[in-house]
Structures are given as C-alpha cells and as structure tokens.
Amino acid sequence: MKIKVGFGFDVHQLKDNHPFIVGGVKLEHHRGAFGHSDADVLAHAICDALLGAANLGDIGHHFKNTDERWRGISSLILLTKCVELIGEKGFKVGNVDAMLCLEAPKIKPYINEMKANIAKAMGCDVEDISIKATTGETMGFVGREEGVVAYATCLIQKD
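Residues numbered from 1 in each chain as written. Predicted model: local features only at pLDDT ≥ 70, side-chain atom pairs only at ≥ 80, totals over all residues. Heavy atoms only, no water.

**With respect to the sheet that holds strand β1 (residues 2–16)**
Next up, step 1: Within the open sheet, the five strands sit side by side as β4-β1-β7-β5-β6. Their pairing is mixed. Looking along the sheet, the strands with just one partner apiece sit at the ends: β4 (31–33) and β6 (129–134). Taking the axes of each pair of neighbouring strands and ignoring which way they run, one obtains an average angle of 20° across the sheet.
Next up, step 2: With nine bridges joining them, strand β5 (residues 92–101) and strand β7 (residues 147–158) adopt antiparallel strand pairing. Among the inter-strand pairings, Lys92 is bridged to a residue of β7, identified as Gln157.
Next up, step 3: The sheet strands contacting helix α1 (residues 41–53) are β1, β5, β6 and β7, and the helix crosses β1 at an angle near 150°.
Next up, step 4: Contacts between helix α4 (residues 111–122) and the sheet are confined to β5 and β6, with β6 contributing the most and set at about 140° to the helix. (Pairing = 2+ DSSP bridges. Helix = DSSP H or I, 4+ residues; strand = E, 2+ residues; numbered from the N terminus. Axes fitted to C-alpha atoms, helices over the stretch in contact; angles between N-to-C directions. Contact = heavy atoms within 4.5 Å.)

Written out as structure tokens, the structure reads:
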C-alpha cells in the first residue's frame, strides 16, 4: 500500500452583503467570501491538500480564475473533480482534517452538514472528514472579519 499526505491552505476576502458558503453550506452572516467560484474556502483548502498529496499542482492550475467555466461554480463540484484527478493516479481518499479560522459566525451548528456535503462530494464516509474552527481572537484580518482562512491535511492511498 502506498500512502501520501497533502496540505492545503486557502484564504478569501469577506465583503458585506455577499453569500458566505463554507463546506457547501450557506452561513447566515452579514459578510461573505468573495471569489471567482462560490469562494468556499474550506473546499478549496481540501482540493489543494488532495492535489498536493498526488503531486498534481494546486487548485489554480486546474481551475483557473480566468476561466468562465468556473465562475460561480459550487466548489463541491471542484472537490469531486479533484477526487477524480487523484483517482486517475490510482489513489483514493483516506481522511481529511480541516481547520477554519474565522471570527464569526460560529460554525458549530453547521459542521455536521459541512461534513456530509464534503463526504458526499468526495465519495467517502462522513467519519473520514474532520472539521474544526478557531477565531483570530480579534487580531489580524481574520479577527477584524476582513477575511477567512482554511487549512486542510489529507491522506490518500493506493493498494
């Protein structure tokens, strides 16, 4: 069995009166993430972790922000495509561990739905997806609610 580990990171600016999609869930908040796709920072970090583990580059290499095909697209679709890309190299997802950094809103009420959405998009068990969150303790761009950050690690394997 061959096992590889990947790390992903993503950040998006927050803007007033903009949708805030994280893990495929629309969060109730007065600010939301801005980007070319739906700006789902969590899905993007997981995509980068998967692609990195398989030595396939990063999300921007596969889904350029200058390509109109990806404008406004659900990042869960991009996540499914990343799982397909690693599958072409013979890998399957082992597990994902992710961390969100945002001041507000609190995401605990949304975590189970996020995990279910991500597991479905990746074709794996919800028990293989871990999502945690922290704040910026009112410091920096996260603490001032100017942006949101996500980190992810993943394990991929092939027999």
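That was the structure; now back to the text.
**A look at the pairing of β6**
Next up, step 1: Alignment of β5 against β6, held across six bridges, turns out to be parallel. Across the sheet, residue Met99 finds its bridge partner in β6, namely Lys132.
Next up, step 2: Where the polypeptide runs from β5 across α4 and back to β6, its parallel neighbour, the crossover connection is right-handed. (Right-handed = clockwise from strand over helix to strand, strands pointing away.)

**As for the packing of aromatic side chains**
Next up, step 1: Per the stated rule, a full pass over the model turns up two aromatic pairs.
Next up, step 2: Both rings, one in Phe9 and one in Tyr151, keep their centres 5.4 Å apart while their planes meet at 50°; by these two values the pair is tilted. Of this pair, Phe9 sits in strand β1 while Tyr151 sits in strand β7; the two residues are 142 residues apart in sequence, bridging distant segments of the chain.
Next up, step 3: A residue is classified by how much of its surface remains accessible, and Phe9, at 38% relative accessible area, is partly exposed.
Next up, step 4: The lysine or arginine in question, Lys15, covers the ring of Phe34, its NZ or CZ lying 3.9 Å from the ring centre. (Phe/Tyr/Trp six-rings, centres within 6.5 Å; stacked < 30°, edge-to-face > 60°. Buried < 20%, exposed > 50% of the residue type's maximum accessible area, 1.4 Å probe, protein only. Lys NZ or Arg CZ within 6 Å of the ring centre and 35° of its normal.)

**Describing the pattern of salt bridges**
Next up, step 1: Tallied over the full model, the rule gives three salt bridges.
Next up, step 2: When the shortest N-O distance is used, the salt bridge between Arg31 and Asp16 registers 2.9 Å. A residue pair is termed long-range when its members are at least 10 positions apart, and Arg31 in strand β4 and Asp16 in strand β1 qualify at 15 residues.
Next up, step 3: By relative accessible area, Arg31 is classed as buried at 16%.
Next up, step 4: Residue Asp16 is classed as partly exposed on the basis of its relative accessible area, which comes to 48%.
Next up, step 5: Residues Arg144 and Glu146 are paired through a salt bridge, measuring 2.9 Å at the closest nitrogen-oxygen approach. (Salt bridge = Lys/Arg side-chain N within 4 Å of Asp/Glu carboxyl O.)

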